[in-house]
Amino acid sequence: ITLLGGWLRSVLVAVLGVFGHRLMSPLIILIVFMAGYLVRRPLAAIVSALVMGLVSLPFMPGGVAIIFGYLIGGVLAELSYAAGRYRTYTLPFMMVIGLIYNLIGVGLIWVPFQIGALAPTAAIGVFVLSAIMGLGGGWLTKTLGDALLNSGVMTINLEEVETA
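Residues numbered from 1 in each chain as written. Predicted model: local features only at pLDDT ≥ 70, side-chain atom pairs only at ≥ 80, totals over all residues. Heavy atoms only, no water.

Caption draft 1: Geometry of the packing of aromatic side chains. For the coordinates displayed, the defined rule picks out five aromatic pairs. Considering the side-chain rings of Y81 and Y89, the 5.6 Å spacing of their centres and the 40° angle between planes classify their relative orientation as tilted. Judged by its relative accessible area of 2%, Y81 is buried. In textbook terms, an aromatic cluster arises when at least three aromatic residues are bridged by ring pairs, as seen for F33, Y37, Y81, Y89 and Y101. Over the ring of Y37 we find R40; its NZ or CZ atom is 4.5 Å from the centre of that ring. Sitting over the ring of Y89, R40 keeps its end group 4.2 Å from the ring centre. (Phe/Tyr/Trp six-rings, centres within 6.5 Å; stacked < 30°, edge-to-face > 60°. Buried < 20%, exposed > 50% of the residue type's maximum accessible area, 1.4 Å probe, protein only. Lys NZ or Arg CZ within 6 Å of the ring centre and 35° of its normal.)

Caption draft 2: Examining the packing of helix α4 (residues 44-56) against helix α5 (residues 65-83) more closely. In the contact formed by α4 and α5, the axes pass within 8 Å of each other and the chain directions differ by 165°. The pairing of α4 with α5 is recorded here as roughly antiparallel in orientation. Crossing angle aside, the handedness with which α4 passes α5 is right-handed. Each of A44, A45, I46, A49, L50, M52, G53, L54 and S56 in α4 lies in contact with α5, whose residues at this interface are I66, I67, Y70, L71, G74, V75, A77 and E78. Within the contact of α4 with α5, the residues separate by chemical class into 13 nonpolar, three polar and one charged. (Axes fitted to C-alpha atoms, helices over the stretch in contact; angles between N-to-C directions. Helix = DSSP H or I, 4+ residues; strand = E, 2+ residues; numbered from the N terminus. Parallel < 35°, antiparallel > 145°, perpendicular 65-115°, else oblique. Left-handed = near helix turned anticlockwise from the far one by under 90°. Contact = heavy atoms within 4.5 Å. Nonpolar A, V, L, I, M, F, W, Y, C, P; charged D, E, K, R; others polar.)

Caption draft 3: Representation of unusual backbone geometry within the structure. Look at R85: it is not a glycine, yet its phi comes out positive at around 55°. By secondary structure assignment, the location of R85 is in the loop between α5 and α6 (91-109). Exposure remark for R85: the relative accessible area of 63% places this residue in the exposed category.

Caption draft 4: Main features of the nonpolar core. Ranked by size, the top nonpolar core spans 19 residues in total, and within it F33, Y37, Y81, M94 and Y101 carry the most contacts. Put simply, the parts of the chain that give this core at least two residues each are α3 (25-39), α5 and α6. Among the elements that line this core, the one with the most residues is α3, at eight residues. Discounting residues that sit within four places of it in the chain, Y37 has contacts with Y81, Y89, M94, T141, K142, G145, D146 and L149. Core analysis: the second largest hydrophobic core is formed by seven residues, A49, I66, I67 and Y70 among them. (Core = buried A, V, L, I, M, F, W, Y, C linked by side-chain atoms within 4.5 Å.)

Caption draft 5: Representation of α5 within the structure. When the terminal C-alpha atoms of α5 are compared, their 27 Å separation across 19 residues agrees well with the 27 Å that a helix rising 1.5 Å per residue should span. In the stretch just after α5, R85 is the one whose phi turns positive, near 55°. (Expected span 1.5 Å × (residues − 1).)

Caption draft 6: Structural context of α3. Look at α3: 22 Å from first C-alpha to last across 15 residues, which is about the 21 Å you get at 1.5 Å a residue. With 13 of its 15 residues buried, α3 lies for the most part within the structure.

In structure tokens, the structure reads:
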């Protein structure tokens, strides 16, 4: 998923610019947040982000910088789960942390994508698209994570956490 998503994102960015980048954000949210959602232990998101960055390194055009991008995402995901004390995994919580993650992401790409140079309506469009995609990324993480947990592939004690 990481490699395919990275290549697809590169194509969409080439065609649609910052809007292509923001369209792919639910997949990025899914990749970064899924390990923390499934493992439900401190540092799971950061470690998985580092592994994803290292695995992606030979296949992505960004070079070593891709590792830092994944680590930033892992830290943001880890802070989100820490805010819920690693016990809150409800759908609204997942959607809100996806929203916050994506809006912070707009701030991180503001200069490289020159969002400030866009027309005001286009810049607002970037924020609106990011908000919608962030909510969708949180929903996607929760939905696919629950499907994995309910399949019996992984076993965790769900009584310890809030998952409804």
